[in-house]
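Geometric and topological summary
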Amino acid sequence: MRSTRLKVGGFALAIAVILSLTSPPSSHSQKRENVEARINALLARMTLAEKLGQLQQLDGEANGNFRPEHVEMVKKGLLGSTLNVRGAQRTNQLQRIAVTESRLKIPLIFGFDVIHGYRTIFPIPLGEAASWDPAAVERAASIAAAEARAAGVHWTFAPMVDIARDPRWGRIAEGSGEDPYLGSLMARARVRGFQGSDFSAKDKVVACAKHWVAYGAAEAGRDYNTTDVSERSLREVYFPPFKAAVDAGVGTFMSAFNDLNGVPSSANPFTLTDVLRGEWKFDGFVVSDYTSVEELIKHGVAADGAEAAREALSAGVDMEMVSRLYNKHASELIKERKLSQQTIDEAVRRILRIKFRLGLFDRPYVDEALERTAIFNSASVAAAREIAARSMVLLKNDHDVLPLDKNVRSIALIGPLADSRQDMLGSWTGDGKAEDAVTLLQGLKSKVPQTRINYAKGCDIGCDKPDGFEEALRAARESDVTVIAVGESAEMSGEAASRSSLDLPGRQLELVKAVQATGKPTIVVLMNGRPLTINWLAENTPAILETWFAGTQAGNAIADVLFGDVNPGGKLPATFPRSVGQIPLYYNHKNTGRPPDANNKYTSKYLDVAWTPLFPFGYGLSYTQFKITNLQLSAERIPLNGKLTVSVDVENTGKRVGDEVVQLYIRDTSASVTRPVKELKGFQRITLQPGEKKRVEFLLTAEQLGFWDRQMRFTVEPGEFQVMVGSSSEDVIEKSFEVGSNPY
Ligand code: NOJ
């Protein structure tokens, strides 16, 4: 066997050599070689100060302007990048200074947080992930890219691919939730959407996978807090979406704020160099997070600015965001031989490489006329409405209260979020404008213009006083049905927005209870950036629609769903707990030696709350019903490197056309290390007509069955596996198969 392999390899090598002598190199590799040659030529001409300039990124003004200081620095070649500077005219103006007035004419790279839209705002990323529709997510990112690039932005600080198992952490809103597989598919979709196949295109930007790494594991869900994560969990839970971003060709990474196992992420050679560059062969650059280089001092791993610069640079952080320690200290560090010239050159090389790939040396400016047509055009707005509706999750719908009848005479629309434009945009609003946003009040008015809408706010978002309750109750009494929009304000999630309670803020629940007590059918529309503890609602309210923060077109999209023009098909990308005390609560946990058993006290559970979630990962209803049956495996036994086809029948047994997200999970029942009770390995969102039945097929490859063994080697072990297919992580049918001990 061994000698056959060698022979095959030798033959292939010989062919490759012959081919390389006879045919010209591919244009792709030629291009790459040219870029490296141009970088070498530039590096040879750069002074140390100019090199350090490339490593510096400074913040513009919140309104998108650059600062007078930037102009002076750019002229001298002392600034390589800005963040927040945007707008075609302004970026062109500063770029012109870089490429005409600086000695080496190196263009600037303009970065900006284009997280879920530039001007046309899509649902928050957690909401987009709830669509379980990577194609839709890719489309949203590609529209965001086109708008951003037209406004002179080359680089988005997205996707945020941090796995989050703790909804207290406000930044769960910015990612794809708790699961590495769903997170990886969303990461890939977003990178593709932002970058396309060539991010030099005039409608593309370079993406940035952040925050490297394990930032979402912040202790107690408190933002910026310490993380302590085993290498196994890093590799199995936190790394995969980053790896997926690298495989999709992501151009940049951002190092995180958190310290990880005692070493801050912005000075961590294991993650920044060994894994990212060594194992994964990433050849783009890493930018620090905002002042995270300087923060190494507060972390207590650097005594002063010089040490902080040395640690971050030598660990592999190429560009420094906002703090200026590289510029201040690198030359003395080199003189003192604490840092090598080569480390600086390597960082500059990586940054220039991305500037070349962006085409900035050849086309440094953007077309100012394009900005007017490319941004917030009707096609983008229509896409925002469609994608927003796809991201909504129907949590409850007793007695088919929803969809509402368009002939309804009157609706009471109540709640602090029913008419709040700014909140619809969620956290990270890019260049989005509150005045572009459609609220639920506006959405209902345009959906059912004949219906009387009795609007009463009830209370502000904090809801500390019941002053407005009476008016809300009056509106409810005077109407046929009540729609009540409750949840969080946009600022209650996102960065620096952790909460210790996941309840509806203030007296919002009291408001819902009072309204429901009027006896009118009550529909709760949730708007929020994280899973909430909504036990009373889950128990007592007939209908609950989770809408996240749905973006510019929120109100129209919610109205589309409430009235059944769109049948909701989203599924939860994160578990909804019953109580904060259950956190972290996630579906892909380990079994323990004493899995919960209601009849046995000495098993893993609580005295005061069930061990189960309120709503599990992957859960979501529809206005129609689906049946998943007839699970078949193509084999009962596969070799170690084999493949397996898994198929089921999915039937729409209800009366409306609708979408089901068919989910495939596996479990390795006995392995050399403990394995999760379930791991998502595939899903498909499909649309079925009433009565329609479809066979849905998944291909399971051996690699998807593998894990990191006790020696931290990726391995597939022989033995029994369970396959589970269903409509959520808890509603599945299952079968088993064996993986044999031999390869083919
Ligand atoms: C800090 C945040 O952590 C990061 O996600 C963001 O990209 C930067 N600020 C720049 O705004």
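In this text the structure is predicted, and so the values were computed from the model without any measurement. (Residues numbered from 1 in each chain as written. Predicted model: local features only at pLDDT ≥ 70, side-chain atom pairs only at ≥ 80, totals over all residues. Heavy atoms only, no water.)

When helices and strands are counted, the protein chain shows 24 helices and 26 strands. Compactness check: the protein chain gives a C-alpha radius of gyration of 27 Å against a globular reference of 27 Å for 744 residues, within 12% of the reference. The principal-axis extents of the C-alpha atoms in the protein chain amount to approximately 80 × 70 × 50 Å. Split into buried and exposed, the 744 residues of the protein chain put 60% on the buried side. (Helix = DSSP H or I, 4+ residues; strand = E, 2+ residues; numbered from the N terminus. Rg over C-alpha atoms; globule rule 2.2 N^0.38 Å. Buried < 20%, exposed > 50% of the residue type's maximum accessible area, 1.4 Å probe, protein only.)

Our next topic: the sheet that holds strand E22 (residues 693-701). Sheet architecture is open: 3 strands sit in the order E17-E19-E22, paired in antiparallel fashion. The sheet is open, and its two edges are formed by strand E17 (626-633) and E22, each paired on a single side. Taken pair by pair, the neighbouring strands of this sheet meet at an average axis angle of 25°, ignoring direction. In the sheet, E17 pairs with strand E19 (residues 643-652) via 6 bridges, with the strands oriented antiparallel. Across the sheet, residue Gln 632 finds its bridge partner in E19, namely Ser 647. (Pairing = 2+ DSSP bridges. Axes fitted to C-alpha atoms, helices over the stretch in contact; angles between N-to-C directions.)

In this section: the packing of aromatic side chains. Taken as a whole, this structure holds 24 aromatic pairs when the rule is applied. Ring geometry for Trp 212 versus Phe 253: centroids 5.4 Å apart, planes at 85°, classification edge-to-face. You can see Trp 212 sitting in strand E5 (residues 208-212) and its partner Phe 253 sitting in strand E6 (residues 252-255), a full 41 residues away along the chain. Ring centres of Trp 548 and Phe 576 lie 6.5 Å apart, and the angle between their planes is 75°; this geometry places the pair in the edge-to-face category. (Phe/Tyr/Trp six-rings, centres within 6.5 Å; stacked < 30°, edge-to-face > 60°.)

Once that is clear, we can look at the site of the ligand. Taken together, 13 residues are adjacent to the ligand, and Asp 113, Arg 171, Lys 210, His 211 and Asp 289 come closest. Note that an oxygen atom of the ligand is positioned 2.6 Å from one of the side-chain N or O atoms of His 211. At 2.6 Å from an oxygen atom of the ligand is found a side-chain nitrogen or oxygen belonging to Asp 289. Within the complex, 95% of the 300 Å² of free accessible area of the ligand lies under protein. Its residues assigned to classes, the shell around the ligand comprises 7 nonpolar, 1 polar and 5 charged. (Near = heavy atom within 4 Å. Polar contact = N/O pair within 3.5 Å; in protein donor to acceptor, adjacent residues only side chain to side chain. Areas by Shrake-Rupley, 256 points an atom, 1.4 Å probe, with all protein chains shown as cover. Nonpolar A, V, L, I, M, F, W, Y, C, P; charged D, E, K, R; others polar.)

Turning next to helix H15 (residues 341-357). Under the 1.5 Å per step criterion, the end-to-end length of H15 is 24 Å for 17 residues, consistent within 8% with the ideal 24 Å. All buried positions along H15 are accounted for by Ile 344, Ala 347, Val 348, Arg 349, Arg 350, Ile 351, Leu 352, Arg 353, Ile 354, Lys 355 and Phe 356. (Expected span 1.5 Å × (residues − 1).)

The final tally for this structure, using the stated rule, is 1 disulfide. A sulfur-sulfur separation of 2.1 Å characterises the disulfide bridge that pairs Cys 459 with Cys 463. Handedness here is read from the sign of the S-S torsion; for Cys 459 and Cys 463, about -100°, the answer is left-handed. By the burial criterion, Cys 459 is buried, and Cys 463 matches it. (Disulfide = S-S within 2.5 Å.)

With that settled, consider the pairing of strand E20 (residues 658-668). The buried fraction of E20 amounts to 11 of the 11 residues, a majority that puts the element mostly inside the structure. Bridging between E20 and strand E21 (residues 679-688) involves 9 bridges; their strand directions are antiparallel. Residue pairing across strands places Tyr 665 opposite Leu 680, the latter belonging to E21. Relative to strand E25 (residues 719-726), E20 runs antiparallel, the two being bridged by 6 bridges. Note on E25: the bridge partner recorded for Gln 663 is Gly 726.

A few words now on the sheet that holds strand E26 (residues 732-739). The strand order E18-E26-E25-E20-E21 describes an open sheet built from 5 strands, whose pairing is mixed. Edge positions in the sheet fall to strand E18 (637-638) and E21, since each has one partner strand and no second.

This brings us to the side chain of Ser 200. Topologically, Ser 200 is positioned in the loop between helix H8 (180-195) and E5. Using a relative accessible area of 10% as the deciding quantity, one classes Ser 200 as buried. The residues touching Ser 200, leaving out its near neighbours within four places in the chain, are Arg 149, Arg 357, Leu 358, Gly 359 and Arg 363. (Contact = heavy atoms within 4.5 Å.)

Core analysis: the biggest nonpolar cluster contains 89 residues, and Leu 55, Trp 155, Trp 212, Tyr 238, Val 250, Phe 253 and Ile 344 have the highest contact counts within it. When residues in this core are grouped by element, the largest group, 7 residues, is from H15. If we skip the residues at most four places from it in the chain, Val 250 touches Val 191, Gln 195, Ala 207, Cys 208, Ala 209, Ala 245 and Phe 282. Counting residues in hydrophobic clusters, the runner-up holds 82 residues, among them Ala 164, Tyr 215, Leu 402 and Ile 484. (Core = buried A, V, L, I, M, F, W, Y, C linked by side-chain atoms within 4.5 Å.)

Keep in mind that low pLDDT regions are not for reading the predicted coordinates in detail. For the protein chain, the mean per-residue pLDDT works out to 95, and 97% of the residues sit at or above 70. Between residues 1-23, whose pLDDT stays under 50, and residues either more than four places distant or in other chains, the model counts 0 contacts. (pLDDT = per-residue confidence, 0-100.)

Two elements in contact, helix H9 (residues 231-238) and helix H11 (residues 269-279), have axes whose closest approach is 14 Å; the angle formed by their N-to-C orientations is 55°. In terms of orientation, H9 and H11 fall into the oblique class. Our pair here, H9 against H11, has a crossing hand that is right-handed. Two secondary-structure elements touch here, H9 through Glu 231, Leu 234 and Arg 235 and H11 through Phe 270, Val 275 and Glu 279. Taken together, the residues of the contact of H9 with H11 sort by class into 3 nonpolar, no polar and 3 charged. (Parallel < 35°, antiparallel > 145°, perpendicular 65-115°, else oblique. Left-handed = near helix turned anticlockwise from the far one by under 90°.)

Here the idea is simple: oppositely charged side chains can pair when their charged atoms come close. Counting across every chain of the model gives 45 salt bridges. Residue Arg 32 is joined to Asp 283 by a salt bridge in which the shortest nitrogen-to-oxygen separation is 3.9 Å. In this pair, Arg 32 is assigned in helix H2 (residues 27-45) and Asp 283 in the loop between H11 and strand E9 (285-287), connecting sequence segments 251 residues apart. Classification of Arg 32 as partly exposed rests on a relative accessible area of 38%. For Asp 283, a relative accessible area of 29% puts it in the partly exposed group. As a salt-bridge pair, Asp 565 and Lys 406 come within 2.7 Å of each other at their nearest N and O atoms. (Salt bridge = Lys/Arg side-chain N within 4 Å of Asp/Glu carboxyl O.)

This part is about unusual backbone geometry. That bond from Ala 158 to Pro 159 is cis: its omega, 10°, falls within 30 degrees of zero. Within the secondary structure, Pro 159 sits in the loop between strand E4 (155-156) and H8. The residue after Trp 212, namely Val 213, is reached through a cis peptide bond having omega 10°. Relative to the assigned elements, Val 213 resides in the loop between E5 and H9. Its identity as a non-glycine residue notwithstanding, Lys 281 has a phi of 60°, on the positive side. Within the secondary structure, Lys 281 sits in the loop between H11 and E9. Since its relative accessible area comes to 62%, Lys 281 is described here as exposed. The backbone of Trp 428 sits at a positive phi, close to 55°, despite the residue not being glycine. Relative to the helices and strands, Trp 428 is located in the loop between helix H18 (421-424) and helix H19 (440-447). Given the relative accessible area of 26%, Trp 428 is considered partly exposed.

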